[in-house]
Amino acid sequence: MRRRIVLVTLLGVFIGITIWITQMDTLRYMHPKTYGDLARQTWNHIKMVGIAELLAIGVGVPLGVLVTRPGLKKFATPVIGTANVGQTIPSLAVVAIMAPILGYRFESAIIALFVYSLLPVLRNSFTGINDIDPAIIESAKGMGMSRLQIALKIELPLALPIIMAGIRTSTVICVGTATLAVLIGGEGLGKIILAGLYTQIPLLILQGAAPTAALAVILDTLLGGFESWMTPRGLKKS
Amino acid sequence: MEVWNYINGHWLTIGNWTLDHLWLIFVSNSIAVLIGVSLGIFIAGKGREEIADTVLYLAGIMMTIPSLALFGLLMPALSAMNLPAIGFLPAVIALILYGQLPILRNTYTAIREVDPAMIEAGRGMGMTPRQILVKIKLPLAVPVIMAGLRNAVVINIGIATIAVFIGARGLGVPIFRGLRTSRMDMIITGAIFVSMLALIADGLLAIAENKLTPEGLKR
Amino acid sequence: MITLENVTKTYSDGTEAVKGVSFEIKDGNLCVLLGPSGCGKTTTMKMINRLIPITEGNIYIDSKDTKTMDENELRRDIGYAIQEIGLFPHMTVKDNIATVPTLKNWDKEKKEKRAEELLTLMGMDPDEFLEKYPTELSGGQKQRVGVARSLGADPPIMLMDEPFGAIDPITRDRLQDEFINIQEEIQKTIVFVTHDINEAIKMGDKVALMKDGELIQYSTPAELLAAAKNKFVRDFVGSDRTLKSLRLMKVEDAMKKSPRVVRKDDDLSEVASIMEEEDLTYLIVVEDGRKLKGWINRQDIESESGVVEDVMSESTGAAELGTSLAEGLTIMLERDVANLPVVDEYGTLQGIVTFNDLQSLIGETYTERGGKHPEVTQ
Ligand SMILES: Nc1ncnc2c1ncn2[C@@H]1O[C@H](COP(=O)(O)OP(=O)(O)OP(=O)(O)O)[C@@H](O)[C@H]1O
Ligand SMILES: [Mg+2]
């Protein structure tokens, strides 16, 4: 209940600020962004995050699962090690480095986002399966389940909540990184924030920042709900 | 090659940026530790479960807000209070906020998860609640708190890079300038240095974490 | 002395865990709190060091009301050992044992000496274990360190909540034996919680049997076995309580003192006439200073010439003083003899236990069952 109040209050503040600024006539020497601009950049933001995230899931989940398989386990250490190191590298560094490699364009932005989103998904997919109690697998084998059955009926359901948590973390980080991706040719709410920063108009910055914050909080809440919906009841903590 | 030339020609400047970056991290994380650990100890207290839940939830939400957006939210708020809206102060405030969650959450869970048998034994031998906190709970929580600090520092090194947008100094400067002026050598230099800084800090804090872990808890 | 006076505990959720319990524990005694799970043993014990506040009634230690004392000071003077042991993993064995001495600001040397002393008392080599961490100890060793820690500042009183609970039966048995020996030496006033009747009988000077928060019977283990107050006690004690009581009694409790003896160099003619006159089927043979030698049976005396030694049979076994009757019975059944001589540690004859005496003794513990013949003697 308290959580709901906190959530609704925060979202109310963010959205309220957005509406308040959008209603203004002028911000110093220029007009505020229109609702149309906001809607378009919000959509662009979601689109970038969506594409990058889908790519990250498409690559990260299979790769993470693959390196848990007996024959491929030797690749686990380098792959997961790389993911861990990658996670340590600041997002701005990852985004910025794409400019000299791929140039300033939308695709560079997507690729930067994809690379940075990949890491949490990859890592959680690996640990989700790797950390399953061997006794559970053992007893499944003992009951005569085939490898495929074990994978589908035991490993996947048990790992799914953890994989989902990885996707959630990754998406939230991606929303933030996407604000930076406009520096190398991306689109989205970051554009408004940056415009405000360059023109030194705090309210313009706020007009971009408030909806970005709302977007991040909403996505996180939705994915959090999804995550707990997907968690088998027996695995939930009280 | 250009990158090498750039580094060669500007090592003093790069050194300065690095120091600025470190100073920013040092100041903000020191404060974050103080606040996070005390708040964590406080909300881990008896009968504060509801407060704890709310505080942790709020801190969790904080973390989801993109740093650039948080800077955007901070600036007008600070100028409304007649405080400097750009430069060191907003950067420090943002970093304190971001550093909070890992430290706070780790302190809280570490203290809550101390084996009740241990606390029972301490109480039974006549330890005061304070002695139980200082002699049992905190030593057992130190490694976990350290892990939180390590996490916070790594996150903050990244966010401090972004703080150049609001006028803070640090290794974000060459990246930012490079991006605006298409100076690839500057971008790469900045990216490399800040990444190295993050990796080294992570490694050093891992060592510190290990050193601070009480002998009997290692294995 | 610990005195409980009408002690009652009602938890905030309304559970009446302890209801008006009164009893007294003498100095140097080990009092076992016994009873089924949930009967309020732990609650009763923890009210003594005020880990759980008393709802009603009073607890006195040496006639001082515990309510009037500072609770932390009180606890520092009462040793405390729990089932989960609760050793501090970040402290060495030495620091664990020195917990209370540290709280009492003992100086370093004194603490160190005390830790060494206690480890030695527990049968652990100080050189090997003082600097070890709890994770490096076996279950039994942890339990010993737990007990050592509760003895840390040499408290006159100890509370022990199933201190040997989390341990395999064989090690537990050994720890119990060791602890009995230790207690003989240290003579603490101990409150010992268990739900194991055998442990209670073995360890206790007194047993407080509880049920649903009430004290049902407070007596010595022997009385508990011999004179159960009601059906609950009988059931709790179990149907094999004859065997249990035999385990509890010593051979000297059942032996006839100074039985008739003959010396190994006595004349057979003399011995034969004594046996005839007094209608004895056998006699014990001793040598100098009443040292047990063997037996002489009436039917073995064929001629009247010679001495006892010529026809006697060598002793097939005797019980030393302090042997439990259960063991004595085992010896008799194994050797197939109806009489068991009792000797002291030098082999000097002290008395004799006969199968008949044993039977009537067992019969007594069954009086309330109408003297049914006990199956154990068959
Ligand atoms: N903190 C508490 N709040 C409410 N009820 C409690 C609390 N602690 C114990 N009880 C209840 O009081 C009763 C006695 O508990 P206690 O722990 O003293 O039992 P016990 O004899 O030690 O049992 P066991 O052998 O299982 O340890 C039980 O019914 C228990 O459920
Ligand atoms: Mg209990």
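On a predicted model such as this, the values are computed, not experimentally measured, just so you know.

Draft legend 1. The site of ligand 1, seen in detail. Residues and elements named next belong to chain C. In the vicinity of ligand 1, the contacting residues are Tyr 11, Asp 13, Thr 15, Ala 17, Ser 37, Gly 38, Cys 39, Gly 40, Lys 41, Thr 42, Thr 43 and Glu 162. Between ligand 1 and Ser 37 there is a distance of 2.5 Å, counted from an oxygen atom to a side-chain nitrogen or oxygen. Contacts to ligand 1 include Gly 38, whose backbone N or O atom sits 2.8 Å from an oxygen atom. Contact with the protein chains hides 62% of the accessible area of ligand 1, taken as 630 Å² for the molecule alone. At three residues, the largest contribution of residues to the shell around ligand 1 is made by helix α1 (residues 41–48). Looking at the shell around ligand 1 residue by residue, the classes come out as three nonpolar, six polar and three charged.

Draft legend 2. Spotlight on the interface of chain C and chain B. Each partner contributes to the interface: chain C provides 24 residues, whereas chain B provides 21 residues. Of the roughly 2000 Å² buried between chain C and chain B, counting both surfaces, carbon and sulfur atoms make up 65%. It is Phe 88, His 90 and Leu 103 of chain C that lose the most area in chain C upon contact with chain B, and together they represent 27% of the buried surface on that side. Our count for the chain C to chain B interface comes out at one salt bridge. Measuring nitrogen to oxygen at the nearest pair gives 3.0 Å for the salt bridge that ties Glu 120 of chain B to Lys 46 of chain C.

Draft legend 3. Just the sheet that holds strand β17 (residues 339–343) of chain C, in detail. Residue and element names in this part refer to chain C. One open sheet accounts for four strands, arranged β11-β18-β17-β16; its pairing is mixed. At either margin of the open sheet sits one strand with a lone partner, and together these are β11 (256–257) and β16 (319–320). Here β17 runs beside strand β18 (residues 349–354); their pairing, made up of five bridges, is antiparallel. When the sheet's bridge partners are listed, Val 343 is paired in β18 with Leu 349. Taken strand by strand, helix α16 (residues 325–335) contacts β17 and β18, and its axis lies near 130 degrees from that of β17.

Draft legend 4. Structural view of helix α3 (residues 76–88) of chain A. Taking 1.5 Å of rise per residue, 13 residues should cover 18 Å, and α3 of chain A covers 18 Å from first to last C-alpha, within 8% of that figure. All of the buried residues in α3 of chain A are Ala 76, Ile 80, Ala 83, Gly 86, Gln 87 and Thr 88 of chain A. Its buried side turned inward, α3 of chain A meets α5 (106–130) of chain A together with α7 (129–162) and α9 (184–212) of chain B.

Draft legend 5. View of the nonpolar core. One finds Phe 14, Ile 184 and Leu 197 of chain A together with Ile 157, Phe 165 and Leu 179 of chain B to be the most contacted residues of the largest nonpolar core, which totals 117 residues. Considering each element in turn, this core owes the most residues, twelve residues, to helix α5 (residues 88–112) of chain B. The contacts of Leu 197 of chain A, once residues within four sequence positions are left out, are Ile 205 of chain A together with Leu 68, Met 75, Phe 165 and Ile 166 of chain B. The next biggest cluster of nonpolar side chains, apart from the first, holds 43 residues, and it includes Leu 119, Ile 201, Val 207 and Leu 209 of chain C.

Draft legend 6. Focus on the confidence of the model for chain C. Residue and element names in this part refer to chain C. Per-chain confidence: chain C averages 86 in pLDDT, with 94% of residues scoring 70 or above. Contacts for the low-pLDDT stretch residues 366–378, under 50 throughout, to residues beyond four places or in other chains number 18 contacts. Scoring the predicted complex yields pTM 0.79 and, for the interface, ipTM 0.89.

Draft legend 7. Representation of the arrangement of the chains within the structure. Here the protein chains form two pairs of chains in contact, of which the pair with the most contacts is chains A and B. Kept free of each other, chain A and chain C leave a smallest C-alpha distance of 21 Å between them.

Draft legend 8. How the structure looks around the pattern of salt bridges. Residue and element names in this part refer to chain C. Counted by the stated rule, this structure contains 34 salt bridges over all chains. One salt bridge in this structure joins Glu 71 and Arg 75, with 3.2 Å as the shortest N-O distance. Of this pair, Glu 71 and Arg 75 are both found in helix α2 (residues 71–76), four residues apart, which corresponds to roughly one turn of the helix. A relative accessible area of 33% places Glu 71 in the partly exposed class. Notably, a salt bridge pairs Asp 154 with Lys 188, separated by 2.4 Å at the nearest N-O pair. With Asp 154 in the loop between α7 (139–150) and β7 (157–161) and Lys 188 in the loop between α8 (169–186) and β8 (189–194), this pair connects stretches of sequence that are 34 residues apart. Shared partners join several salt bridges into a network, and the residues in it are Arg 114, Glu 117, Asp 154 and Lys 188.

Draft legend 9. Region of interest: the interface of chain B and chain A. Counting residues at the interface gives 38 residues for chain B, matched by 39 residues for chain A. Interface area, chain B with chain A, both sides summed: about 3400 Å², of which 80% is carbon and sulfur. A per-residue breakdown of the area chain B buries against chain A is headed by Tyr 57, Leu 68 and Leu 179 of chain B, which together make up 18% of the total. Taken together, chain B and chain A are joined by two salt bridges. The salt bridge involving Glu 50 of chain B is made with Arg 2 of chain A; its shortest N-O contact spans 2.8 Å. Between chain B and chain A we count three residue pairs in polar contact (both at pLDDT 80 or more) in total. Put simply, the parts of the chain that give the side of chain B that touches chain A at least two residues each are α3 (49–64), α4 (67–80), α7, α8 (172–181) and α9 of chain B. The biggest single contributor to the side of chain B that touches chain A is α9 of chain B, with nine residues. Across the side of chain B that touches chain A, the residue classes tally to 26 nonpolar, eight polar and four charged.

About the criteria used
Residues numbered from 1 in each chain as written. Chains lettered and ligands numbered in written order. Predicted model: local features only at pLDDT ≥ 70, side-chain atom pairs only at ≥ 80, totals over all residues. Heavy atoms only, no water. Near = heavy atom within 4 Å. Polar contact = N/O pair within 3.5 Å; in protein donor to acceptor, adjacent residues only side chain to side chain. Areas by Shrake-Rupley, 256 points an atom, 1.4 Å probe, with all protein chains shown as cover. Helix = DSSP H or I, 4+ residues; strand = E, 2+ residues; numbered from the N terminus. Nonpolar A, V, L, I, M, F, W, Y, C, P; charged D, E, K, R; others polar. Contact = heavy atoms within 4.5 Å. Buried area = accessible area lost by both parts, 1.4 Å probe. Salt bridge = Lys/Arg side-chain N within 4 Å of Asp/Glu carboxyl O. Pairing = 2+ DSSP bridges. Axes fitted to C-alpha atoms, helices over the stretch in contact; angles between N-to-C directions. Expected span 1.5 Å × (residues − 1). Buried < 20%, exposed > 50% of the residue type's maximum accessible area, 1.4 Å probe, protein only. Core = buried A, V, L, I, M, F, W, Y, C linked by side-chain atoms within 4.5 Å. pLDDT = per-residue confidence, 0-100.

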